[in-house]
Amino acid sequence: MDMVAIPCLKYMIFSICPADGARNVAMRLEVDPLQCGCTGYCVKLAPVLFGWLPQGGAARARKAPESDDERRLAREAADLCPTRAIRLRETAGGDGDD
Ligand code: SF4
């Protein structure tokens, strides 16, 4: 059987996209409290980025991801969130404001 190498499109996009490198990248991180299902996955995965609202009932973003590791964790949390309550917005070369 012949083997055919199929490149991972996600990896290719991130590897060529300047927004994923260490260059002046800003990421905005938000949690929709009305959509959060309180599973705690994001809080367990990245407690530096996610916590609970003081009154409980939903997760919240604690801070904007600043390093490549934090941006990777934020993306992973967004992928894991079963209710799609985590919103990420990345801008290259910006300060995070629109
Ligand atoms: S992973 Fe999603 S549903 Fe679970 S606590 Fe975090 S934001 Fe809420």
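Conventions we followed
What you see as residue numbers is a count from 1 along each chain, following the sequence as written. In keeping with the model being predicted, local features are shown solely for residues with a pLDDT of at least 70 and side-chain atom pairs are shown and tallied solely at 80 or more, while totals for entire chains, interfaces and linings include all residues. In this text, helices come from DSSP runs of H or I with a minimum length of four residues, and strands from runs of E with a minimum of two, each type numbered from the N-terminal end. Any residue whose C-beta has 12 or fewer other C-beta atoms within 10 Å is treated as exposed, any with 20 or more as buried, and any in between as partly exposed, C-beta atoms being built from the backbone. Two residues qualify as a contact pair if the distance between their C-beta atoms, derived from the backbone, is within 7 Å. Any residue qualifies as near a molecule or strand once its backbone-derived C-beta atom lies within 6 Å of it. Under the grouping applied here, Gly and all other residues not named as nonpolar or charged are polar, the nonpolar ones being Ala, Val, Leu, Ile, Met, Phe, Trp, Tyr, Cys and Pro and the charged ones Asp, Glu, Lys and Arg. Residues enter a nonpolar core if they are buried, belong to Ala, Val, Leu, Ile, Met, Phe, Trp, Tyr or Cys, and are joined to the set through C-beta atoms within 7 Å. The length a helix should cover is 1.5 Å for every residue beyond the first. Arc definition: directions from the helix axis to the C-beta atoms.

Caption draft 1: Structural detail: the overall build of the protein chain. When helices and strands are counted, the protein chain shows 3 helices and 4 strands. Seen in sequence order, the protein chain has helices and strands lined up from the N terminus as α-β-α-β-β-α-β. Here the protein chain, with 98 residues, has 17% of them falling under the buried criterion. Within the protein chain, residue pairs in contact and separated by at least 24 positions form 63% of the contacts whose partners lie at least 6 positions apart.

Caption draft 2: Geometry of unusual backbone geometry. Positive phi, normally seen in glycine, also occurs at Cys38, with a value near 60°. The class for Cys38 is partly exposed, based on 14 C-beta atoms found within 10 Å. Phi at Arg84 is positive, roughly 55°, even though this residue is not glycine. Looking at where Arg84 falls in the secondary structure, it is placed in the loop between α3 (68–80) and β4 (86–92).

Caption draft 3: Quick look at the site of the ligand. Of all residues adjacent to the ligand, which total 14 residues, the nearest are Cys36, Thr39, Tyr41, Cys42 and Cys81. Grouping the constituent residues of the shell around the ligand by class yields 10 nonpolar, 4 polar and no charged.

Caption draft 4: Examining the nonpolar core more closely. The biggest cluster of nonpolar side chains holds 14 residues, and the ones touching the most others in it are Cys42, Ala46, Leu49, Phe50, Ala74, Ala77 and Ile86. Contributing elements (two or more residues each) for this core: β1 (25–31) and α3. Non-local contacts of Phe50, meaning those with residues more than four positions away in its chain, are made with Cys42, Val43, Ala59, Ala61, Arg62 and Ala77.

Caption draft 5: Geometry of α3. Here α3 contains 13 residues, and its C-alpha end-to-end distance of 18 Å stays within 8% of the 18 Å for a straight helix at 1.5 Å per residue. Among the residues of α3, those classed as buried are Arg71, Leu73, Ala74 and Ala77. Projected down its long axis, α3 shows its buried positions confined to an angular sector of 160°, all on one face. Relative to its buried face, α3 has exposed residues pointing more than 90 degrees away, namely Asp68, Asp69 and Asp79.

Caption draft 6: Here's a closer look at the environment of Ala61. Here Ala61 lies in strand β3 (residues 59–61). Placed 33 residues apart in sequence, Ala61 and Arg28 show a C-alpha to C-alpha distance of 9.5 Å. Ignoring sequence-local partners within four residues, the contact set of Ala61 consists of Leu29, Glu30, Val31, Leu49 and Phe50.

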